[in-house]
Amino acid sequence: MPGSFSGTLGALDPTSDRAVFRQIADQLREAIDKGKFAEGDKLPSETELVDHYGVSRMTVRNSLSVLQGEGLVVSEHGKGVFVRPRPPVRRLASDRFARRHREQGKSAFIVEADAAGSHPTVDSLEIKEERPTQDVAARLGGPRKVLARRRRYLLDGRPVEFATSYLPLDLARGTPIAEPNPGPGGIYARLEELGHRLDHFEEEIRARMPAPGEVKTLHLAAGVPVIHLIRTAFDTEGRAVEVCDTVMAADAYVLAYQLPAT
């Protein structure tokens, strides 16, 4: 096979009932998964793929469109198709809200970023008092107004999630929670200092395709889904003291949980 990618791609199976363009996409995907084409590498050109497989240019373009739709590659006009760089993977561990982290002055995002060996930053911060949606009000027990904290999180400069925390206004107004930087350990540490010792969290997680605004905010490539997580924090009195609505780039996370067997 000619070209610098000789030996990387195989031949088509004429006996397969799988469409030819999908067979080509399968071989390219496998080569990417095995690291034969690394992040940032340029894939063989359309002409090279046409020559190798003996198919039409439209068939090759359909194959590359499949990979683009899966978020594996990006096309740069006049340059070619490249394996898309992915953000560093952050493990979403089940103990990320453990009190020991707060006592060390670390928020959950910093804890996970440290574990990934990445540099965490926060931008697009907005803090305002507002009326909650019906869902948020129900989760918090019916407050008429809440303090909303909106922020976007980045790892090594790449957006990976954005989140909004909703707290009952009677808990948060006039406290460090209403400040841009709530201090070491984040808002959960401040809640405990205010007498609301945290007891447990409840999380609901689902995967879905992103809305247009989410694609823009997280700089998502075509085909990349999001993880939508809603977490409610409860104190030892059983009161819901925060609801956090988070949207995460699915290719930037691994959900890692330890579950008791008894």
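Preceding block: the structure.
Here is a short report on the structure shown in this document. Everything numeric in this text was worked out from a predicted model, so none of it was measured.

Before going further, it helps to examine the overall build of the chain. Within the chain, the regular secondary structure consists of nine helices and 10 strands. Taken over C-alpha atoms, the radius of gyration comes to 23 Å for the chain, far larger than the 18 Å a tight globule of 262 residues would show. Overall, the C-alpha framework of the chain stretches about 70 × 40 × 35 Å when taken along its three principal axes. Out of the 262 residues in the chain, the part that is buried amounts to 44%. Long-range contacts, defined here as pairs at least 24 residues apart, represent 60% of the contacts in the chain between residues at least 6 apart. Taken as a whole, the chain presents about 13,800 Å² of accessible surface, with 50% of it coming from carbon and sulfur. Taking the 36 positively charged and 37 negatively charged side chains of the chain as two groups, their mean positions are separated by 3 Å.

Their axes nearest at 8 Å, the elements helix H1 (residues 20-33) and helix H3 (residues 57-69) cross at an angle of 50 degrees. In terms of axis orientation, H1 runs oblique to H3. Judged by the twist between their axes, the crossing of H1 over H3 is right-handed. Facing H1, whose interface residues are Val 20, Phe 21, Arg 22, Ile 24, Ala 25, Leu 28 and Arg 29, H3 presents Thr 59, Asn 62, Ser 63, Leu 64, Val 66 and Leu 67. Partitioning the contact of H1 with H3 into residue classes produces eight nonpolar, three polar and two charged.

Our focus in this paragraph is the sheet that holds strand E7 (residues 198-208). Spatial ordering of the open sheet is given by E4-E5-E6-E9-E8-E7, a layout of six strands whose pairing is antiparallel. Each of the sheet's edge strands pairs with one partner strand only, and the pair in question is strand E4 (120-130) and E7. For this sheet, the mean angle separating the axes of adjacent strands, direction not counted, is 15 degrees. Where E7 meets strand E8 (residues 226-235), 10 bridges bridge the pair, whose relative direction is antiparallel.

Let's shift gears to the nonpolar core. Within the largest apolar cluster, 20 residues are counted, with the highest numbers of intra-cluster contacts made by Leu 28, Phe 37 and Leu 43. Judged by nonpolar contacts, the second largest core, of 19 residues, contains Tyr 153, Ile 227, Cys 244 and Tyr 253.

Turning next to the packing of helix H2 (residues 46-53) against H3. The interhelical angle for the contact between H2 and H3, taken along N-to-C directions, is 115 degrees, at an axis separation of 9 Å. Taken as axis vectors, H2 and H3 run roughly perpendicular relative to one another. Handedness of the crossing formed by H2 with H3: right-handed. In this structure, H2 uses Glu 46, Thr 47, Leu 49 and Val 50 to contact H3, whose residues at the interface are Arg 57, Val 60, Arg 61 and Leu 64. Its residues assigned to classes, the contact of H2 with H3 shows four nonpolar, one polar and three charged.

Time to look at the packing of aromatic side chains. Within this structure, the stated rule accounts for one aromatic pair. Arranged with centres 5.2 Å apart and planes meeting at 50 degrees, the rings of Tyr 188 and Phe 201 form a pair that is tilted. With Tyr 188 in helix H8 (residues 186-193) and Phe 201 in strand E7, the pair connects residues that are 13 residues apart, well separated along the chain. A relative accessible area of 7% means that Tyr 188 is categorised as buried. Look at Phe 201 and you get partly exposed, because its relative accessible area is 25%.

Rules and cut-offs
Residues numbered from 1 in each chain as written. Predicted model: local features only at pLDDT ≥ 70, side-chain atom pairs only at ≥ 80, totals over all residues. Heavy atoms only, no water. Helix = DSSP H or I, 4+ residues; strand = E, 2+ residues; numbered from the N terminus. Rg over C-alpha atoms; globule rule 2.2 N^0.38 Å. Buried < 20%, exposed > 50% of the residue type's maximum accessible area, 1.4 Å probe, protein only. Contact = heavy atoms within 4.5 Å. Areas by Shrake-Rupley, 256 points an atom, 1.4 Å probe, with all protein chains shown as cover. Lys, Arg positive; Asp, Glu negative; His and termini not counted. Charge placed at Lys NZ, Arg CZ, Asp CG, Glu CD. Axes fitted to C-alpha atoms, helices over the stretch in contact; angles between N-to-C directions. Parallel < 35°, antiparallel > 145°, perpendicular 65-115°, else oblique. Left-handed = near helix turned anticlockwise from the far one by under 90°. Nonpolar A, V, L, I, M, F, W, Y, C, P; charged D, E, K, R; others polar. Pairing = 2+ DSSP bridges. Core = buried A, V, L, I, M, F, W, Y, C linked by side-chain atoms within 4.5 Å. Phe/Tyr/Trp six-rings, centres within 6.5 Å; stacked < 30°, edge-to-face > 60°.

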